[in-house]
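Overview (structure and organization)
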Amino acid sequence: MKSLKVIVLTLLIVGCAPIQVTYDYDRTTRFEDYKTYSYYVDMNTGLSELDTKRLIRAIDSKMTAKGFRFSDTPDFFIDIKSREYLEGQRSAVGVGLGGGGGNVGGGISIGIPVGGSRVNRQIIIDFVDENKRQLFWQAVSESNYNPNAIPGEREERLNAIVEKVFLEYPPQQ
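Residues numbered from 1 in each chain as written. Predicted model: local features only at pLDDT ≥ 70, side-chain atom pairs only at ≥ 80, totals over all residues. Heavy atoms only, no water.

Some points on the overall build of the chain
When its secondary structure is counted, the chain shows 3 helices and 8 strands. Helices and strands in the chain line up, N terminus first, as α-β-β-α-β-β-β-β-β-β-α. Across the chain, contacts joining residues at least 24 apart in sequence account for 74% of those joining residues at least 6 apart. Element-wise, carbon and sulfur atoms account for 54% of the exposed surface of the chain, whose accessible area totals about 11,100 Å². (Helix = DSSP H or I, 4+ residues; strand = E, 2+ residues; numbered from the N terminus. Contact = heavy atoms within 4.5 Å. Areas by Shrake-Rupley, 256 points an atom, 1.4 Å probe, with all protein chains shown as cover.)

Next up, the structure:
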């Protein structure tokens, strides 16, 4: 029963916080030529070491499901970068005071912010063909990020991001 509550809570958190993904790719690329992949050894993801492991596990799982194979001599490399940023408050309540009589009027108004700033995370996933020395596919995801999330929530969030990122890979040309 406890695990059911955790799953429902996780789905609620993941479902309420939208993940936005934008894609770009080289239109001349023959995506069917790529079968094996690896990661750059010196990759600086900008994530914690544990979150990097979680993200790589999620990507490996998705790549395997799509028919790709991890290799020491890959057809392409995956590079991951991320950054966190604060999104300003979007909502405010306006309070006004006014008065007047005759032909004279005046007023005072102030905006009171509602809610706090949110921490967002942008994750960029690049597919690079080292033989041609070129980037051929890129996905940029942006979503809310809770720096105080427990490990299970972090893993679920990263899995949801990877799921959404790879919906459009390979692109339909």
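After that view, the rundown keeps rolling.
Some words on the pattern of salt bridges
With the rule as written, the count across this model stands at 9 salt bridges. With a shortest N-O distance of 3.0 Å, Glu-163 and Lys-62 are connected by a salt bridge. With Glu-163 in helix 3 (residues 151-165) and Lys-62 in helix 2 (residues 49-65), the pair connects residues that are 101 residues apart, well separated along the chain. On the basis of relative accessible area, Glu-163 is assigned to the partly exposed category, the value being 40%. Overall, Lys-62 belongs to the buried group, its relative accessible area being 18%. A cluster of three or more residues bridged by salt bridges with shared partners is formed by Asp-51, Arg-54, Glu-84, Arg-121 and Arg-154. (Salt bridge = Lys/Arg side-chain N within 4 Å of Asp/Glu carboxyl O. Buried < 20%, exposed > 50% of the residue type's maximum accessible area, 1.4 Å probe, protein only.)

Comments concerning the environment of Arg-133
Looking at where Arg-133 falls in the secondary structure, it is placed in the loop between strand 7 (118-129) and strand 8 (134-144). Judged by relative accessible area, which is 70%, Arg-133 ranks as exposed. Taking the C-alpha atoms as reference points, Arg-133 and Phe-76, 57 residues apart in sequence, are found 9.9 Å from one another.

A closer look at the nonpolar core
Where a protein is soluble and globular, its nonpolar side chains tend to be buried together. Ranked by internal contacts, the top residues of the largest apolar core, which has 29 residues, are Ile-59, Met-63, Phe-76, Ile-78, Phe-127, Trp-137 and Phe-166. At the level of secondary structure, the elements contributing two or more residues to this core comprise strand 1 (19-25), strand 2 (36-39), helix 2, strand 4 (76-87), strand 7, strand 8 and helix 3. At 5 residues, helix 3 tops the list of elements feeding residues into this core. Setting aside chain neighbours within four positions, we find Phe-76 in contact with Tyr-34, Thr-36, Tyr-37, Ser-38, Met-63, Phe-68, Phe-127, Val-128, Asp-129 and Phe-136. (Core = buried A, V, L, I, M, F, W, Y, C linked by side-chain atoms within 4.5 Å.)

Notes on helix 2
Spanning 17 residues, helix 2 covers 24 Å between terminal C-alpha atoms, matching the ideal 24 Å at 1.5 Å per step. What helix 2 keeps buried is the set Asp-51, Thr-52, Arg-54, Leu-55, Ala-58, Ile-59, Lys-62 and Met-63. The buried side chains of helix 2 occupy one side of the element, clustering within an arc of 165 degrees when seen end-on. Looking at helix 2, the residues exposed on the side facing more than 90 degrees away from the buried face are Glu-49, Leu-50 and Thr-64. Looking at the packing, one finds that the buried side of helix 2 touches strand 2, strand 4, strand 7 and helix 3. Among the residues trailing helix 2, Gly-67 stands out with phi positive, at a value near 95 degrees. (Expected span 1.5 Å × (residues − 1). Arc of directions from axis to C-beta.)

Side note on the confidence of the model for the chain
Overall, the prediction assigns the chain a mean pLDDT of 84, with 72% of residues at 70 or greater. Confidence over residues 8-15 falls short of pLDDT 50; this stretch has 7 contacts with residues more than four positions distant or in other chains. (pLDDT = per-residue confidence, 0-100.)

A short note on the sheet that holds strand 1
Taken in spatial order, the 6 strands line up as 1-8-7-4-2-3 in an open sheet, and their pairing is mixed. Every other strand in the sheet has two partners, leaving strand 1 and strand 3 (69-70) as the edge strands with one partner each. Sitting on the sheet, helix 2 is in contact with strand 2, strand 4 and strand 7, with an inclination near 130 degrees to strand 4. Across the sheet, helix 3 lies against strand 1, strand 7 and strand 8, angled at about 40 degrees from strand 1, the strand it touches most. (Pairing = 2+ DSSP bridges. Axes fitted to C-alpha atoms, helices over the stretch in contact; angles between N-to-C directions.)

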